Amino acid sequence: MLESGFEGRRRVMEIKPVTFREASNFINLHRRHHNATVGCKFCVGLYDNAKLIGCAVCGRPVSRYYDNGETCEINRVCVLDGYKNGCSMLYGACCRIAKNMGYKKIITYTLQSESGVSLRASNFVCEGSAGGVIWSGNRCRDNGVPREKKIRWKRDLMKQITSQPIEESESK
């Protein structure tokens, strides 16, 4: 839960469950590019008190090269403008849930024109350019998706921060 001031009122952002239908409706209403996905493994919502202000949809990787049963993809993230750290909260929640489900790695993509600052803040590593300007290969379908390169990001979910063991002093 993250608390901060917003125009004179107390704002409390929390991660809560959200249905796929609710997430899809939110994405179709508020996302700048790409409509909702056709399916998912899980969805999470970001709420400001009782108001849905963001969501994330995770599923199987779109690329067959990553669809190995151990990799989860964050397919969509959408947060209303003005909610600082909202994307980072959703990315973090997706990583925790995917790890608890047994996934070893999580990936996502941004457009080349997007900075990826929320992904960096959530410990994702940029893997560089991925794919072409359109995903669908030789088929030229104009589905409203910006025609630009994508950037792939990954996070290893099995890495654990290990602390040094504290040696106990022997009492004699």
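Position numbers for residues start from 1 in each chain and track the written sequence from start to end. Per-residue local features are limited, in this predicted model, to residues with pLDDT of at least 70; the limit for side-chain atom pairs, both in listing and counting, is 80 or more; totals at the level of whole chains, interfaces and linings are taken over all residues. In computing side-chain values, all of the structure's heavy atoms are included and hydrogens and water are not.

**Here's the deal with the packing of aromatic side chains**
How two aromatic rings sit relative to each other is given by the distance of their centres and the angle of their planes. Our working definition: To pair, rings of Phe, Tyr and Trp, with the six-membered ring standing in for Trp, must have centres within 6.5 Å; the planes then decide the type, stacked if under 30 degrees apart, edge-to-face if over 60, and tilted in the middle. Note on criteria: charge over ring means Lys NZ or Arg CZ within 6 Å of the ring centre, with the direction from the centre no more than 35 degrees off the ring normal.
For the structure on display, the rule yields 1 aromatic pair. The positively charged end of Lys 16 is found above the aromatic ring belonging to Tyr 47, 5.2 Å away from the centroid.

**A closer look at the pairing of strand 3 (residues 42–48)**
Condition: For every residue, the accessible area (1.4 Å probe, protein chains only) is compared with the maximum for its type, and the residue is labelled buried under 20%, exposed over 50%, or partly exposed between those bounds. The way it works is that DSSP assigns letters per residue, a run of H or I at least four long becomes a helix, a run of E at least two long becomes a strand, and they are numbered from the N terminus. Note on pairing: two strands pair once DSSP finds at least 2 bridges between them.
Among the 7 residues in strand 3, 7 count as buried, and that is most of the element. Burial of strand 3 is two-sided: the residues Phe 42, Val 44, Leu 46 and Asp 48 facing one way and the residues Cys 43, Gly 45 and Tyr 47 facing the other way are all buried. In the sheet, strand 3 pairs with strand 4 (residues 51–59) via 7 bridges, with the strands oriented antiparallel. Residue pairing in the sheet places Tyr 47 in a bridge with Leu 52 of strand 4. The antiparallel pairing of strand 3 with strand 4 creates a hairpin that spans 2 residues between the two strands, and Asn 49 there sits at a positive phi of about 55 degrees.

**Points about the nonpolar core**
Short version of the rule: Nonpolar cores were defined as sets of buried Ala, Val, Leu, Ile, Met, Phe, Trp, Tyr and Cys residues, with membership established by side-chain atoms within 4.5 Å. Contact between two residues is taken to exist if any of their heavy atoms lie within 4.5 Å; hydrogens are not considered.
In terms of nonpolar packing, the biggest core is built from 35 residues, with Ile 74, Cys 94, Ile 106 and Phe 124 touching the most fellow members. At the level of elements, helix 1 (20–30), strand 3, strand 4, strand 5 (71–79), helix 2 (86–100) and strand 8 (150–156) are the ones that each hand at least two residues to this core. Residue contributions to this core peak at 6 residues, all from helix 2. With sequence-adjacent residues up to four places away left out, Cys 94 is seen in contact with Phe 42, Val 44, Ala 56, Cys 58, Ile 74 and Ile 106.

**Let's talk about helix 1**
So the rule is basically this: As used here, the arc belongs to the directions running from the helix axis to the C-beta atoms.
Inspection of helix 1 places Ala 23, Ser 24, Phe 26 and Ile 27 among the buried residues, and these make up the whole buried set. Buried residues in helix 1, looked at end-on, bunch into an arc of 165 degrees, giving them a common side. In helix 1, the exposed positions that point more than 90 degrees away from the buried face belong to Arg 21 and Leu 29. Contacts made by the buried residues of helix 1 are with strand 3, strand 4 and strand 5.

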